[in-house]
Amino acid sequence: MALDTAATFPADRELVLERVLEASAENLYKCWTTPELMEQWFCPAPWTVKNVRTDVRTGGNTFLEMHGPNGEVMPQPGVYLEVVPNKKIVFTDAFTETWQPSAKPFMVAIITFEDLGDGKTRYRAVARHWSAEDKAAHEQMGFHEGWGIVAGQLEALAKTL
C-alpha cells in the first residue's frame, strides 16, 4: 500500500524544490539509490559525501556521512518509508535504523520523478519538518540554494549514465 504523501501538509513546515531535469527518471533514480553515484552529487562543494550505505526498499536503512571543508562530519542515518522504483523515494531521519527512533527527528523527504518523455523528468524534492522552527532552520541552512545546486549536480551525472 502506497503512502499518501500528496496529502495536505502545513506550509509552515514544508520546503519544496521542483525542476524539470534533462535526464530520465530511471537514471535519476539510479543516482539516488547507488552508493558510488550518491558520493558524486549528493551535497554542494566543498562538502563531500562518503560511507554511503543503502538498503533501498520500504523499511530499509540508509546512511551516509557529509564531510565539510573544515573537518566536519555529519552522519545522516535514516530509513526508507516508501520506495517505488523510478518514481518515488520517501525517507526520514526519525529512525536511525529500521524502527529505532532517533534522538531528534528533523524531516521526512519525499523525492518524486515524473517522466515527461523526451528524456526529461519533473523532479520534486519535498522536505517535511516536525515543526515550523525546524523548517526555518533548514531554510537558514540554505535549503533552496543547496538543494538547487545538488539538483544540478544530480542532473549532470544522470545525463552521463
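Residues numbered from 1 in each chain as written. Predicted model: local features only at pLDDT ≥ 70, side-chain atom pairs only at ≥ 80, totals over all residues. Heavy atoms only, no water.

(A) Spotlight on the environment of Ile89. Tracing the chain through its elements places Ile89 in strand β5 (residues 88-92). On a C-alpha basis, the gap between Ile89 and Ile111 in space is 5.1 Å, while along the polypeptide they are 22 residues apart. Those residues within four positions of Ile89 in sequence are excluded, and the remaining contacts are Tyr29, Trp32, Thr33, Tyr80, Glu82, Ala109, Ile110, Ile111 and Phe113. (Helix = DSSP H or I, 4+ residues; strand = E, 2+ residues; numbered from the N terminus. Contact = heavy atoms within 4.5 Å.)

(B) Representation of helix α3 (residues 132-140) within the structure. Those residues of α3 lying buried are Asp134, Lys135 and His138. Taken down its axis, α3 places every buried residue within 100° of arc, on the same side. Facing away from the buried side of α3 by over 90 degrees, the exposed positions are Glu133 and Gln140. As for α3, its buried residues are in contact with β1 (14-21), β8 (107-117), β9 (120-129) and α4 (143-159). Gly142, located one to two residues past α3, shows a positive phi value of around 100°. (Buried < 20%, exposed > 50% of the residue type's maximum accessible area, 1.4 Å probe, protein only. Arc of directions from axis to C-beta.)

(C) Geometry of the sheet that holds β5. Within the open sheet, the seven strands sit side by side as β1-β9-β8-β5-β4-β3-β2. Their pairing is antiparallel. The outermost strands of the open sheet, each flanked by one partner alone, are β1 and β2 (48-54). Taken pair by pair, the neighbouring strands of this sheet meet at an average axis angle of 20°, ignoring direction. Pairing analysis gives five bridges linking β5 to β8, with the strands arranged antiparallel. Note on β8: the bridge partner recorded for Lys88 is Thr112. Taken strand by strand, helix α1 (residues 25-33) contacts β1, β2, β4 (73-84), β5, β8 and β9, and its axis lies near 155° from that of β8. Sitting on the sheet, α4 touches β1, β8 and β9, and the angle it makes with β1 is about 30°. (Pairing = 2+ DSSP bridges. Axes fitted to C-alpha atoms, helices over the stretch in contact; angles between N-to-C directions.)

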